[in-house]
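Letter by letter, the chains look like this.
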Amino acid sequence: MALSIGHCYAFSEYQSLAALVWFRQDLRLSDNPALTAAIASGEPVIPVFCLDEAGDGNWPLGGAQRWWLHESLGALIAALEAIGSRLVLRHGASQRVIESLLEETGAGSVYWNRRYEAATIARDKLIKTALETRGVQATSYNGALLNEPWEIRNQSGKPFLVFTPYWRHCLKRPDPRAPLAAPTKLGSPDHWPRTDTLADLALRPRIRWYDTMANTWQPGERGAAKNLQRFVQATVWSYPETRNLPAIEGTSQLSPHLHFGEITPQQIWHAVRQQAERERIPKDEWRTNQFLTEVYWREFAYHLLFHFPHTPTEPLRPDYARFPWQADAQQLRAWQHGRTGIPMVDAGMRELWATGWMHNRVRMVVGSFLVKNLLVPWQDGASWFWDTLLDADLASNTLGWQWCAGSGADAAPYFRIFNPVSQGEKFDPEGAYVRQWVPEIAKLPDKYLHAPWTAPADVLQIAGIKLGSDYPQPIVDLKATRERALQAYQTMRKTQAT
């Protein structure tokens, strides 16, 4: 366990000539416990980032994440240079890189913020043991969550498996700590170690497919702060209504920033608190605001990932291992590329491909369609999201897909199957979202936009649409595949009973 800031420097056996701060998914200067502790040591600080592509086990960065990481590292480099420091970049196994830097710099201490994926935990434990064996102070901190996963237990001392009791338990705990200030100056060593260049890490794809993402997002701590300020000032109190409307800017769009650690949940929580105090909203009201509830949903995802590390690839509920999936590679490709003939599904998948992000309501729609209407295993959907989402967080991605499949904690009942047509009619009633991402059917009247196959021939002709040519016919019948999904669920239950 890490010692608290302010109580980890009284170790006479550690004689540090410099302090290494190992940046990972905490690409920020403000509210960075590891950086704050290193500064408090009084030693020169050497910020380090290591691209360890094998250290994350079976979850290397997807293509969209690599683009964001390139941009975010560039922003961090500029922020460090502005306060008189640098970011040392290296590529390779984390332990080897850190030990090499210790030899090059004479540093006697290493600080980092914790991560919670199983492979990363195992790697970090090995590194910490190796460093302490050679007399190097190795200290880790919570720089990503409001509560450590092991701190939250139910009355039986076990992990929570349902969100609402988890959330209520968290609300009874003390308020989150105040965010830590960003340094305005960083002490530097007399001699800096060698660094790779950002280009050396080869994070940017050779083909510029990321231009739309670049025009949509501002990776880095400054972009995160701007998004938070915009959302808290304009939208946070109307979020319960706006969060379901994909055609408007009704969400915070902070998830990629949270994933890369450009902002912390503490900063979010206190920004909401400050706005509530300015508007004189009672604490009992704003603490249970829907947006902060979503922050705790992210916490719940990490709680589950820590306690059930097998769940990124296996169902939390063992009986779902017997589910009779009927994977079809051709249908999976149609879903991936937004060519299913179901407009709300296709709009979401095209938004994902273009921007690296998808509205949460639409994520539920496309997820339900894949695992229930197509009977494609949820792991295939999770894998595609992992490669294409900018916010492809292993904890949240796993929780979301297992929720859709009915196989995880707090899962929706299997018979809750989203109808993408009625979802579109309810949450995109004027069709602005579908028309943006599926422009080939934009001229259809609202009445038929979410189900073009129901439009009369003359309506299709006036709109200039030939189904099967200009836009696909539906690859499945929604009613028939719903019944098939329910039958598959019953088959699984009968198999379990026998």
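1. Here's the deal with the nonpolar core
- Ile-268, Trp-335, Phe-385 and Leu-444 are the most contacted members of the largest nonpolar core, which totals 87 residues.
- For Leu-444, the residues in contact, after removing those within four places along its chain, are Arg-435, Leu-449, Pro-452, Ala-455, Val-459, Leu-460, Ala-463 and Ile-465.
- Ala-37, Leu-186, Leu-201 and Trp-217 belong to the second-largest nonpolar core, a separate cluster that totals 35 residues.

2. Concerning the packing of aromatic side chains
- Evaluated as defined, the whole model comprises 28 aromatic pairs.
- Note on Phe-163 and Trp-167: the rings are 6.5 Å apart at their centroids and 20 degrees apart in plane angle, and the pair reads as stacked. Here the residue Phe-163 and the residue Trp-167 both occupy positions in helix α5 (residues 163-171), the gap between them amounting to 4 residues, near one helical turn.
- Here Trp-335 and Trp-401 contribute two aromatic rings whose centre-to-centre distance is 6.1 Å and whose plane-to-plane angle is 75 degrees, an arrangement assigned as edge-to-face. Taken together, the residues Trp-335 in helix α13 (residues 329-336) and Trp-401 in helix α17 (residues 394-405) connect sequence positions 66 residues apart. For the pair formed by Trp-335 and Trp-401, the shared burial category is buried.
- An aromatic cluster is built from Trp-67, Trp-68, Trp-209, Tyr-210, Trp-217, Phe-260 and Trp-357, whose rings are joined through pairwise contacts.
- Its guanidinium or amino end placed over the ring of Trp-22, Arg-24 lies 4.3 Å from that ring's centre, counting from NZ or CZ.

3. Thoughts on the layout of surface pockets
- Estimates place the volume of the largest pocket at around 1,200 Å³.
- Lining the largest pocket are 42 residues, with Tyr-239, Glu-294, Trp-297, Asn-360 and Arg-363 positioned closest to its centre.
- When residues of the lining of the largest pocket are traced back to their parent elements, those giving at least two are α5, α9 (255-259), α12 (290-307), α15 (360-373) and α17.
- In terms of residue count, the dominant contributor to the lining of the largest pocket is α12 (7 residues).

4. Let's talk about the sheet that holds strand β3 (residues 88-91)
- With parallel pairing, the 5 strands of this open sheet are ordered in space as β3-β2-β1-β4-β5. Where the open sheet ends on each side, the last strands, each with one partner, are β3 and β5 (137-141). Looking at each pair of strands side by side, their axes are set apart by 25 degrees on average, direction ignored.
- In this sheet, β3 lies alongside strand β2 (residues 45-51) in parallel orientation, the contact comprising 4 bridges. Bridge pairing in β3 places Cys-50 opposite Arg-90.
- Along the sheet face, helix α2 (residues 63-82) touches β1 (19-23), β2 and β3 and points at about 170 degrees away from the line of β2.

5. Some points on empty space enclosed by the protein
- Within the structure shown, the criterion is met by 3 cavities of 30 Å³ or more.
- One number sums up the size of the largest cavity: a volume of about 340 Å³.
- Every residue lining the largest cavity is counted, 24 residues in all, and those nearest its centre are Gln-25, Asp-52, Asp-56, Leu-61 and Arg-115.
- Secondary structure elements with two or more residues in the lining of the largest cavity: β1, β2 and α2.
- Looking at the lining of the largest cavity, its residues break down into 12 nonpolar, 4 polar and 8 charged.
- There is about 170 Å³ of room inside the second largest cavity.
- In terms of lining residues, the second largest cavity is bounded by 20 residues, among which Gln-25, Arg-114, Ala-144, His-259 and Arg-298 are the most central.
- Breaking the lining of the second largest cavity down by element, the ones donating at least two residues are α9 and α12.

Parameters at a glance
- Residues numbered from 1 in each chain as written.
- Predicted model: local features only at pLDDT ≥ 70, side-chain atom pairs only at ≥ 80, totals over all residues.
- Heavy atoms only, no water.
- Core = buried A, V, L, I, M, F, W, Y, C linked by side-chain atoms within 4.5 Å.
- Buried < 20%, exposed > 50% of the residue type's maximum accessible area, 1.4 Å probe, protein only.
- Contact = heavy atoms within 4.5 Å.
- Phe/Tyr/Trp six-rings, centres within 6.5 Å; stacked < 30°, edge-to-face > 60°.
- Helix = DSSP H or I, 4+ residues; strand = E, 2+ residues; numbered from the N terminus.
- Lys NZ or Arg CZ within 6 Å of the ring centre and 35° of its normal.
- 1 Å grid on protein atoms, 1.4 Å probe; cavity = no way out; pocket = protein on both sides within 12 Å on 5 of 7 lines; lining within 4 Å.
- Points joined across faces, edges and corners; volume = space filled by probe spheres on them.
- Pairing = 2+ DSSP bridges.
- Axes fitted to C-alpha atoms, helices over the stretch in contact; angles between N-to-C directions.
- Nonpolar A, V, L, I, M, F, W, Y, C, P; charged D, E, K, R; others polar.

By themselves, these observations are geometric and do not establish any function.
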